[in-house]
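Okay, here's what each chain looks like letter by letter:
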Amino acid sequence: MEAYTSFAQVYDMFMDDIPYDEWCKYLLEILHKHNIDSGLMLELGCGTGSVTRRMADAGFSMIGIDNSEDMLSIAREHEEDKGILYLLQDMTEFELYGTVSAVISICDSINYITEEEDLLKVFKLVNNYLEQDGVFVFDMNTEYKYREVMGDNVIAENREEGSFIWENTYYEDEKINEYDLTLYVKKNSCDEEETYSRFEETHYQKAYSVDIVKELIKKAGLEFVAVYDAFTFDEPSETSERVYFVVKEGYQEGKAYTNK
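Cut-offs and rules
Residues numbered from 1 in each chain as written. Predicted model: local features only at pLDDT ≥ 70, side-chain atom pairs only at ≥ 80, totals over all residues. Heavy atoms only, no water. Axes fitted to C-alpha atoms, helices over the stretch in contact; angles between N-to-C directions. Helix = DSSP H or I, 4+ residues; strand = E, 2+ residues; numbered from the N terminus. Parallel < 35°, antiparallel > 145°, perpendicular 65-115°, else oblique. Left-handed = near helix turned anticlockwise from the far one by under 90°. Contact = heavy atoms within 4.5 Å. Nonpolar A, V, L, I, M, F, W, Y, C, P; charged D, E, K, R; others polar. Core = buried A, V, L, I, M, F, W, Y, C linked by side-chain atoms within 4.5 Å. Buried < 20%, exposed > 50% of the residue type's maximum accessible area, 1.4 Å probe, protein only. Salt bridge = Lys/Arg side-chain N within 4 Å of Asp/Glu carboxyl O. Pairing = 2+ DSSP bridges.

**Describing the packing of helix α2 (residues 20-33) against helix α3 (residues 50-57)**
Interaxial distance between α2 and α3 falls to 10 Å at its minimum, and their mutual angle equals 55°. When the axes of α2 and α3 are compared, the pair comes out oblique. Here α2 and α3 pass one another in a crossing that is right-handed. Here α2 contributes Y20, D21, C24, L27, L28 and L31 to the contact with α3, which in turn contributes S50, V51, R54 and M55. Looking at the contact of α2 with α3 residue by residue, the classes come out as seven nonpolar, one polar and two charged.

**Concerning the nonpolar core**
Generally speaking, nonpolar side chains in soluble globular proteins are found buried as a group. Ranked by internal contacts, the top residues of the largest apolar core, which has 33 residues, are L42, L44, F94, L96, F123 and F138. Listing elements by their share of this core, those giving two or more residues are β1 (39-44), β2 (60-66), β4 (100-105), α5 (116-129), β5 (130-141), α7 (210-219) and β11 (242-248). In this structure, F138 is in contact with S105, I110, F123, V213, I217, V243, Y244, F245 and V247, ignoring residues within four places of it in sequence. If you look at the next biggest cluster of nonpolar residues, it comprises 31 residues, including M62, L72, A102 and Y228.

**Thoughts on the pattern of salt bridges**
Considering all chains together, one arrives at 10 salt bridges under this definition. Ionic pairing is found between K82 and D57, a salt bridge with its closest N-O pair at 2.7 Å. With K82 in the loop between α4 (69-77) and β3 (85-88) and D57 in helix α3, this residue pair connects regions lying 25 residues apart in the sequence. On the accessibility criterion, D57 (54% relative accessible area) is exposed. The partner of D118 in a salt bridge is K121, with the nearest N and O atoms 3.7 Å apart. Taken together, the residues D118 and K121, both in helix α5 and three residues apart, mark about one turn of the helix. D118 sits in the partly exposed class, given a relative accessible area of 24%. With relative accessibility at 45%, the residue K121 sits in the partly exposed group. Members of the salt-bridge network, linked through shared partners, are E143, R147, E148 and K175.

**Side note on the sheet that holds strand β10 (residues 223-229)**
Read from one edge to the other, the open sheet built from seven strands follows the order β3-β2-β1-β4-β5-β11-β10, with strand pairing classed as mixed. Of all the strands in the sheet, just β3 and β10 have a single pairing partner and so form its edges. On average, adjacent strands in this sheet sit at an angle of 15° to one another, irrespective of strand direction. By the bridge criterion, six bridges tie β10 to β11 in an arrangement that is antiparallel.

**Describing the environment of G49**
Here G49 shows up in the loop between β1 and α3. The spacing of G49 and E77 is 28 residues in sequence and 9.8 Å in space, taken between C-alpha atoms. Leaving out residues up to four positions away in the same chain, G49 has contacts with A75 and Y86.

Below, the structure is given as structure tokens:
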């Protein structure tokens, strides 16, 4: 099923502990190291736009792509005249009108691509739409995190506006983590008695080794630059839970998209 449908209603509420300001500061540091300080930027898997809006505040002209209409609806409610263009598209087949100076994708959106051939499609499209010397920065949860931290664990939270139960199952052979979400969202009612709607969603993410990702980057014609233990400039370790890849635009035969 489409990811983030019912959960979109309460996503920002339950994710309010994510330090988006720090994450964006780290992104900007990476981009600055590669002389990307302004221009048109694309975010893949933008969700409700928490990062998109912050990058717009940092001076970038933003395009946000997501395949959840519900998440984008919430993003547009918070757009606040920042000039952000939100597009309902799948990142494995997205289309733009021209090239961009940078592409970003964080909050493990890339892990939702569960087939290598689809991940290769994403990388090829990114290469197609990146300007010369453009940079692609994306993060991924690691296999260590799925297996040792999240696997077969249950996360639950209860708040006034709603509650969720988040059950994880990690399938070692397929390197797939299954999220089974049960949501209780408070209804808007004039009655004194509080009532809640119950929703269920199932999400899947895949763990990729650094070597496989680097191989797919090369196949897509992109240039691998670096991979970091998240929020540092250190190499990943065996216990890294999240890593950031930095990739640059590469030559692609037939590449013909340019900004007019």
